[in-house]
Amino acid sequence: MARRRKPADSPARKPGDGGAVLLSGAGAIGPVGSGGRAAGVALDVDRELVVLVDARVLVDVARRAVLAEAREQLYAGKRPDGGPQRPLIARHAADPRRVSDKRGVRTGHMADELRATPIKGDTGRAESTIAVPTDRNVFIATEAKRGVRYLGIGPAHAAAAERAMGEAIAAMVAGKRVEPEQGEPVAREESTP
């Protein structure tokens, strides 16, 4: 599967589109926040603005961003929380077949083949899971017994997902058609070269 497609420059969304949120006229400022300042957003529009917010799209872009970040962190020898992974013993680090001296990256197969399950859900609620290649399950279980974790959502993963979702929402607000892509993307395809 190729990298995610860019949002389409299709015609602007209309109120009849499924799951659309219609905003029209001049917006109001929200309730007063701390210090007497406005705690909302002012919105001035000169036309109807229709934003289709599809949970499947947000899950799709988030899972792809998390896949790429998880791959980078594995190759960098980092735990999901961003700290350094436990080092390898000298005998394993000296193995000439290794592509990296980092724990969990002997051939790069696990990092490159991290995958996301197909998206389950609808426009209001959706989910997907990030998983290691099935041939690495025993390795992951063995390492977990040693207290070594390779997968999880840390600050870098959350930031990558937030950036990706922000870009998708910006495209939606601009009226572009942003569709979720199904299938099982893998980390190798989502990482920038």
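Above: the structure in question.
Because the structure is predicted, anything quoted here is derived from the model rather than measured. (Residues numbered from 1 in each chain as written. Predicted model: local features only at pLDDT ≥ 70, side-chain atom pairs only at ≥ 80, totals over all residues. Heavy atoms only, no water.)

Undergrad: Can you walk me through the packing of helix α1 (residues 55-76) against helix α5 (residues 155-173) in this structure?
TA: It is at 8 Å that the axes of α1 and α5 come closest, and there the two elements cross at 145°. Every pair of crossing elements has a handedness; the one defined by α1 and α5 is right-handed. On α5, the residues that touch V57, L58, V61, A62, A65, V66, E69, A70 and Q73 of α1 are A156, H157, A160, A161, A164, M165, A168, I169 and M172. Of the residues that constitute the contact of α1 with α5, the class distribution is 15 nonpolar, 2 polar and 1 charged. (Axes fitted to C-alpha atoms, helices over the stretch in contact; angles between N-to-C directions. Helix = DSSP H or I, 4+ residues; strand = E, 2+ residues; numbered from the N terminus. Left-handed = near helix turned anticlockwise from the far one by under 90°. Contact = heavy atoms within 4.5 Å. Nonpolar A, V, L, I, M, F, W, Y, C, P; charged D, E, K, R; others polar.)

Undergrad: Explain the pattern of salt bridges here, please?
TA: Once their charged atoms are close, side chains differing in charge can pair, the charge on each being opposite to the other. Per the stated rule, a full pass over the model turns up 14 salt bridges. Two residues, E190 and R64, come together in a salt bridge whose shortest N-O distance is 2.6 Å. Remark: R64 occurs in helix α1 and E190 occurs in helix α6 (residues 187-190); sequence separation between them is 126 residues. Residues E190 and R64 agree in their burial class; the two are buried. The partner of R188 in a salt bridge is E113, with the nearest N and O atoms 2.5 Å apart. Placement of R188 in helix α6 and of E113 in the loop between α3 (109-112) and β3 (115-116) is noted, with a sequence separation of 75 residues between them. With a relative accessible area of 40%, R188 lands in the partly exposed category. Salt bridges sharing partners connect three or more residues here, namely D60, R63, R64, E181 and E190. (Salt bridge = Lys/Arg side-chain N within 4 Å of Asp/Glu carboxyl O. Buried < 20%, exposed > 50% of the residue type's maximum accessible area, 1.4 Å probe, protein only.)

Undergrad: Would you take a moment to explain the environment of V148 for this structure?
TA: Its place among the elements puts V148 in the loop between α4 (137-145) and α5. Dropping the residues within four chain positions of it, V148 is found in contact with Q85, R86, R103 and E143.

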